[in-house]
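Residue-level structure breakdown
Chain residues, written in single-letter form:
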Amino acid sequence: MMAQKRPAQLDSALVGPSIKYMAKVNTWLYKRTGGRIGGKWRIGAGLRKPVPTLLLEHRGRKSGKTFTAPLLYLVDGPDIVVVASQGGLPKNPQWFHNVVATPDVLVQIGSERRPVRAVVADEAERARLWPLLLELYADFENYQAWTEREIPIVVLKPR
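This section reports on the structure supplied with the text. Here the structure is a predicted model, which is why all the values come from computation and not from measurement.

Definitions and cut-offs
- Residues numbered from 1 in each chain as written.
- Predicted model: local features only at pLDDT ≥ 70, side-chain atom pairs only at ≥ 80, totals over all residues.
- Heavy atoms only, no water.
- Helix = DSSP H or I, 4+ residues; strand = E, 2+ residues; numbered from the N terminus.
- Rg over C-alpha atoms; globule rule 2.2 N^0.38 Å.
- Polar contact = N/O pair within 3.5 Å; in protein donor to acceptor, adjacent residues only side chain to side chain.
- Expected span 1.5 Å × (residues − 1).
- Bend = angle between axes of the 7 residues up to and from the residue.
- Buried < 20%, exposed > 50% of the residue type's maximum accessible area, 1.4 Å probe, protein only.
- Contact = heavy atoms within 4.5 Å.
- Salt bridge = Lys/Arg side-chain N within 4 Å of Asp/Glu carboxyl O.

Helix and strand counts for the protein come out as 4 helices and 8 strands. When the helices and strands of the protein are placed in sequence order, the string is α-β-β-β-β-β-α-β-β-α-α-β. Its C-alpha atoms give the protein a radius of gyration of 15 Å, near enough to 15 Å, the size a compact globule of 159 residues would have. Counting only C-alpha atoms and orienting by the principal axes, one finds that the protein spans roughly 40 × 35 × 35 Å.

This is how it looks when you write it as structure tokens:
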């Protein structure tokens, strides 16, 4: 798949707040239905090939508050892999900075919650995982093309 040109509307001041609002709605529905609603991403490439979604519970590095982020995920053996894409925006999402600061987090897949440790993939692991992630959700290629930052991959290891 060839990466698409960066959409001009991606730079709108409404994009960040919109993502935040949609994440809150998704999280609320997911928690109340055990993932029956909100457990599959059906937008963009996910329309043709729905992508599994989990909830990542993490602690704010400054506030100490608990936050929850709905994220697309890939199962890689005993590990779970998530991507700090934020739709190709110029900055990494807040959850990424939080899990780097406090890597012991919780994930919820369906109604099951489990403790994991977040580890940022190194270069070799990223090279192995990136094609698998593109197979899971082809739009990650566009997101990477739309930003100058290298989109981080985070591996959630059982603890």
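Picking up after the structure, the text goes on.
Let us look at the side chain of Thr147. Here Thr147 lies in the loop between helix H4 (139-145) and strand S8 (153-158). A polar atom in the side chain of Thr147 sits 3.3 Å from the backbone oxygen of Leu89.

Before going further, it helps to spend a moment on helix H3 (residues 123-136). The terminal C-alpha atoms of H3, which comprises 14 residues, lie 20 Å apart, in line with the 20 Å expected from a rise of 1.5 Å per residue. Considering bend angle alone, the principal kink of H3 is centred on Leu129 and spans about 30°; proline Pro131 follows within four residues of it. Listed as buried for H3 are Glu125, Arg126, Leu129, Trp130, Leu133 and Leu136. For H3, the elements touching its buried residues are strand S2 (51-59), strand S4 (74-76), strand S5 (79-83), H4 and S8. Two or three places before Ala124, at the opening of H3, Asp122 has a side-chain oxygen 3.2 Å from that residue's backbone nitrogen.

Looking now at the environment of Glu150. One can find Glu150 in the loop between H4 and S8. Measuring from C-alpha to C-alpha, the distance between Glu150 and Ser85 comes to 9.0 Å, with 65 residues separating the pair along the chain. When near neighbours in sequence (up to four residues on either side) are disregarded, Glu150 contacts Arg126 and Gln144.

This paragraph deals with unusual backbone geometry. A positive phi angle is found at Gln86, which is not glycine, with a value near 45°. Within the element layout of this structure, Gln86 appears in the loop between S5 and helix H2 (94-101).

Now for the pattern of salt bridges. Pairs may arise between side chains of opposite charge once their charged atoms sit close together. Here the structure, examined in full by the defined rule, presents 7 salt bridges. When the shortest N-O distance is used, the salt bridge between Arg114 and Glu112 registers 3.3 Å. Looking at Arg114, the relative accessible area reads 27%, which means it is partly exposed. Glu150 serves as the salt-bridge partner of Arg126, at 3.6 Å between the closest nitrogen and oxygen. Taken as a pair, Arg126 in helix H3 and Glu150 in the loop between H4 and S8 lie far apart in primary sequence, 24 residues in all. Take Arg126: its relative accessible area is 13%, and that puts it in the buried class. What makes Glu150 exposed here is its relative accessible area of 57%. Sharing partners across several salt bridges, the network here consists of Asp104, Arg117 and Arg159.

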